[in-house]
Amino acid sequence: MILPSIETPADLRALGYEQLSELATEIRAFIVETVTTTGGHLGSNLGAVELTLALHRVFDSPHDAILWDTGHQAYIHKLLTGRRHRFVDLRKEGGLSGYPNRAESDHDWIENSHASTALSYAHGLATAYELSGELIGSGGTRKVVAVVGDGALTGGMAYEALNNLGHSDQRVVIVLNDNGRSYAPTISHLSQSLTTLRLNRTYVQTRQRVGRRLRNIPAVGELAATGVLGLTSALREIVAPHVFFEALGVRYAGPIDGHDIPQMEQAFANAAEWDGPIVVHVLTQKGRGYAPAEDDEVQRLHDVKAIRVPGPDTALEGSPAPSVELVDSADIPAATYTDAFTRALIAEAEADPDIVALTAAMPGPTGLLPFQSRFPERFIDVGIAEQHEVTAAAGLAMGGRHPVVAVYSTFFSRAFDQANLDVGLHRLPVVFVLDRAGITGDNGPSHHGVLDLALALSVPNMTVFAPSSAEEVGVMLSEALKIDGPSTIRFATTAPPHVGPDQVGHGLSARRVRSGDGSVCILGVGKMLAAAQTAAEQLAAEGLEVTVWDPRVVSPPDPEMLADAARHRLVVTVEDGIRFGGGGMFITDALASWARGEGRPCPPVTNLGIPRAYIPQGRPDDLLAELGLDGPGVAASVRQLVDRSSIARPSAGSPTDLVEGSVSHREATEQS
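Residues numbered from 1 in each chain as written. Predicted model: local features only at pLDDT ≥ 70, side-chain atom pairs only at ≥ 80, totals over all residues. Heavy atoms only, no water.

## Focus on the overall build of the protein
Inference 1: Within the protein one finds 26 helices and 19 strands.
Inference 2: Across the 672 residues of the protein, 57% fall into the buried class.
Inference 3: Per element, the accessible surface of the protein, about 27200 Å² overall, is 53% carbon and sulfur. (Helix = DSSP H or I, 4+ residues; strand = E, 2+ residues; numbered from the N terminus. Buried < 20%, exposed > 50% of the residue type's maximum accessible area, 1.4 Å probe, protein only. Areas by Shrake-Rupley, 256 points an atom, 1.4 Å probe, with all protein chains shown as cover.)

## Quick notes on the packing of aromatic side chains
Inference 1: Under the counting rule described, the total for this entry stands at 11 aromatic pairs.
Inference 2: On the basis of an interplanar angle of 75° and a centroid distance of 5.7 Å, the ring pair of tyrosine 159 and phenylalanine 244 is categorised as edge-to-face. Pair noted here: tyrosine 159 is in helix H6 (residues 156-168) and phenylalanine 244 is in helix H10 (residues 243-247), with a separation of 85 residues, a long-range link.
Inference 3: The class of phenylalanine 244 is partly exposed, set by a relative accessible area of 42%.
Inference 4: Centroid distance phenylalanine 341 to phenylalanine 491: 6.4 Å. Interplanar angle 40°. Geometry classified as tilted. Within this pair, whereas phenylalanine 341 is found in helix H14 (residues 337-351), its partner phenylalanine 491 is found in the loop between strand S13 (487-490) and strand S14 (511-514), the two being separated by 150 residues in sequence.
Inference 5: Looking at phenylalanine 341, the relative accessible area reads 2%, which means it is buried. (Phe/Tyr/Trp six-rings, centres within 6.5 Å; stacked < 30°, edge-to-face > 60°.)

## Observations regarding the sheet that holds S14
Inference 1: Read from one edge to the other, the open sheet built from 5 strands follows the order S14-S16-S15-S18-S19, with strand pairing classed as mixed. With partners counted over all chains shown, the strands left at the sheet margins are S14 and strand S19 (605-610), one partner each. With direction set aside, neighbouring strand axes in the sheet form an average angle of 25°.
Inference 2: Bridging between S14 and strand S16 (residues 547-550) involves 3 bridges; their strand directions are antiparallel. The residue of S16 that forms the bridge with arginine 514 is valine 548.
Inference 3: Where helix H22 (residues 559-566) meets the sheet, it contacts S14, strand S15 (520-524), S16 and strand S18 (570-578), and its direction lies at approximately 160° from that of S16. (Pairing = 2+ DSSP bridges. Axes fitted to C-alpha atoms, helices over the stretch in contact; angles between N-to-C directions. Contact = heavy atoms within 4.5 Å.)

## Regarding the nonpolar core
Inference 1: Within the largest apolar cluster, 46 residues are counted, with the highest numbers of intra-cluster contacts made by Val430, Phe432, Val554 and Leu591.
Inference 2: Among the elements that line this core, the one with the most residues is helix H23 (residues 583-598), at 6 residues.
Inference 3: What valine 430 contacts, discounting residues up to four positions off in sequence, is Ala393, Ala394, Ala397, Pro403, Val405, Val423, Gly485, Pro486 and Ser487.
Inference 4: Counting residues in each nonpolar core, the second largest holds 45 residues, with Phe30, Leu79, Leu96 and Ile261 among its members. (Core = buried A, V, L, I, M, F, W, Y, C linked by side-chain atoms within 4.5 Å.)

## A closer look at the packing of helix H21 (residues 529-540) against helix H25 (residues 631-645)
Inference 1: Following both chains from N to C, one finds H21 and H25 inclined at 55°, their axes separated by 7 Å at the closest point. Relative to H25, the element H21 is oriented oblique. Here H21 and H25 pass one another in a crossing that is right-handed. Within the contact between the two elements, H21 uses Ala531, Thr534, Ala535, Gln538 and Leu539 and H25 uses Gly631, Pro632, Val634, Ala635, Val638 and Arg639.
Inference 2: Of the residues that constitute the contact of H21 with H25, the class distribution is 7 nonpolar, 3 polar and 1 charged. (Parallel < 35°, antiparallel > 145°, perpendicular 65-115°, else oblique. Left-handed = near helix turned anticlockwise from the far one by under 90°. Nonpolar A, V, L, I, M, F, W, Y, C, P; charged D, E, K, R; others polar.)

## Topic: the pattern of salt bridges
Inference 1: With the rule as written, the count across this model stands at 23 salt bridges.
Inference 2: Residues aspartate 452 and arginine 490 are paired through a salt bridge, measuring 2.9 Å at the closest nitrogen-oxygen approach. Pair noted here: aspartate 452 is in helix H19 (residues 452-457) and arginine 490 is in strand S13, with a separation of 38 residues, a long-range link.
Inference 3: A residue is classified by how much of its surface remains accessible, and aspartate 452, at 2% relative accessible area, is buried.
Inference 4: Here arginine 490 makes a salt bridge to aspartate 576, at a shortest N to O gap of 2.7 Å. Of this pair, arginine 490 sits in strand S13 while aspartate 576 is found in strand S18, placing the two residues 86 residues apart along the sequence.
Inference 5: A relative accessible area of 5% places arginine 490 in the buried class. (Salt bridge = Lys/Arg side-chain N within 4 Å of Asp/Glu carboxyl O.)

## What to know about the side chain of asparagine 179
Inference 1: Mapped onto the elements of the fold, asparagine 179 is located in the loop between strand S4 (172-178) and helix H7 (189-199).
Inference 2: Setting aside residues up to four positions removed in sequence, asparagine 179 forms contacts with Asp150, Thr284 and Lys286.

## Overview of the sheet that holds strand S2 (residues 65-69)
Inference 1: On the basis of which strands lie adjacent, the open sheet formed by 5 strands has the order S2-S3-S4-S6-S5 and parallel pairing. Looking along the sheet, the strands with just one partner apiece sit at the ends: S2 and strand S5 (251-257). When strand polarity is set aside, the average angle formed by the axes of neighbouring strands in this sheet is 20°.
Inference 2: Bridge analysis of S5 against strand S6 (residues 278-283) gives 5 bridges, and the strand direction is parallel. Among the inter-strand pairings, aspartate 257 is bridged to a residue of S6, identified as leucine 283.
Inference 3: Those strands touched by helix H5 (residues 118-132) are S2, strand S3 (144-149) and S4, and its axis lies near 175° from that of S3.

## Let's talk about the environment of threonine 338
Inference 1: Residue position: threonine 338 is located in helix H14.
Inference 2: Threonine 338 sits 155 residues away from threonine 493 along the chain, and the two C-alpha atoms are 7.6 Å apart.
Inference 3: Not counting the four nearest positions on each side in its chain, threonine 338 is found in contact with Pro365, Thr366, Gly367, Asp435, Arg436 and Phe491.
Inference 4: At a separation of 2.6 Å, a polar atom in the side chain of threonine 338 contacts the side chain of aspartate 435. (Polar contact = N/O pair within 3.5 Å; in protein donor to acceptor, adjacent residues only side chain to side chain.)

## Examining unusual backbone geometry
Inference 1: The omega angle of the peptide bond from serine 61 to proline 62 is 5°, so this bond is cis rather than trans.
Inference 2: As for its placement among the helices and strands, proline 62 is situated in the loop between helix H3 (49-58) and S2.
Inference 3: The omega torsion across serine 555 and proline 556 is 0°, close enough to zero to call that bond cis.
Inference 4: Following the sequence through the fold, proline 556 ends up in the loop between strand S17 (553-555) and H22.
Inference 5: The phi dihedral of arginine 91 is positive, around 65°, even though this residue is not glycine.
Inference 6: Residue placement: arginine 91 occurs in the loop between helix H4 (75-80) and H5.
Inference 7: Within the chain, aspartate 169 stands out as a residue other than glycine whose phi angle is a positive 60°.

## Structural notes on H23
Inference 1: Between its first and last C-alpha, H23 extends 22 Å over 16 residues, near the 22 Å set by a 1.5 Å rise per residue.
Inference 2: The complete set of buried residues in H23 reads Gly583, Gly584, Ile587, Thr588, Ala590, Leu591, Ala592, Trp594 and Ala595.
Inference 3: Those residues of H23 that are buried lie in contact with H19, S15, S17, H22, S18 and S19. (Expected span 1.5 Å × (residues − 1).)

In structure tokens form, the structure reads like this:
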């Protein structure tokens, strides 16, 4: 075994190519065994093994900065930089992150899981090194390398950075890891040969020298030089898609085999000597070496849950893909909120030919693959370009269509400006369906969807739905499609409750699910309704009968719900979004306005929600419990507030014995 002897990238440089091939096999076996046990990103990392080995043999990390975009392809990088023993806790609470993480290692420069950012980081970092004299070519020895893959070059931010890199003429090496899931030009023996020449400084210098000498030939020199240089350019036009990059001032080399270590080493070494920005285009196979991933035509097992296959010996090449029987039956309850959305959207689209669904490179995770199969002409995948996705949806709405934008909650933040000014300002009927809202779990702080409520609620006239059960999703989608303006439906990745028809709301109305004694009213937003109900049951056992409401629609809040809440001596809101500026504070403001309009005092309100912090990875239920946002936590907060305020039973008169305000769970605990 070679892998146990690799603790730093420097250990790779003593290995021969036969040993590197053996090491690549060992790495794939390790990754398959680990990821199928812990869950994580599989296909993208299996395809990046040889690429990562070549990078770390040529460049001196962390002296040379290697920036990974997207970050989920960096497992091999972590493995080669001294973190092999931590993979047993990959993506677990307190364990190894599934993305580059600055706190883990000096080899990790950026903690990005969002795509299309590395080229901008590279531009800024190269500028900093240039100013300090550390950048190669500017008096120093440090190199900046950006590895761009898994569709990251479909994002608009990447092209903005390319434009600036070309203008700056800084020495940045851009490795385009093309795994066939996005930009994939044809490769040939001729292109490989010319790529080798074009990367070789001797060839480039000789070509330039020949051109100068030809121009010195009397009478025909300029014509001869033009002819020779034109011939080489014509050949390059045939074999390499370099025109776009070089028009921006960025040299292009490729495509080359991303599983051929010697070829990549030569390419990277020569690219590092190029006097300016350069793209090295490598072709890799996503899921390479693992049959189930290679046979997955949709995602190449991009990410997997913890399934623990029989073992690496039977899991590698030659293993059959597991058989999966797809069952489409309305009698089977939706397994996830996403599944409920998929069914509802197809049903609505069957009746409404104007519905168009949009996604940003995530048709599978957002539940749109069945829609794409059923209505391909009404399906748009824009790539990793959320900003364009939203403004394109605005254009669709202007044209009389009913666009539905399906996007992760965390990625909605990338397109907030467009949602605000391109959709909201024009009051366009665009439906945003925000998947993975709230605390999402093992992908860590960059994937928690805790900002969407605060963002959506800051857009004037935005209707914001929060389903508390799978059955609410279809009802809310149907209502959202009728609204003459923007709307948002946000739901979690955790399994949804299932309820009967009598527990499903309608229209924009809230739903009272429990009537109390007038002392405390809890408003549980979306999935947090379950925590509110559990808390109410615990408090009832202690003699405190709590009223519980399912707001269903955070904006505009139901006046009937506000009126009922105002009768209580204490109101508590619970959400799995950021507390500052979130749903609870929005409802608090609405309640105060209602009370003023009625000439009545407003009861004090406590908002429970996610603190203003980056929440680490972990199981959603565990993280919510730590934040006091499970049933016992909500009950504890209510209990402490009641004890502080001497609330026992409702009394006659106005609720004036509490100080009006808003506190978090942590503050309530500290003050008790």
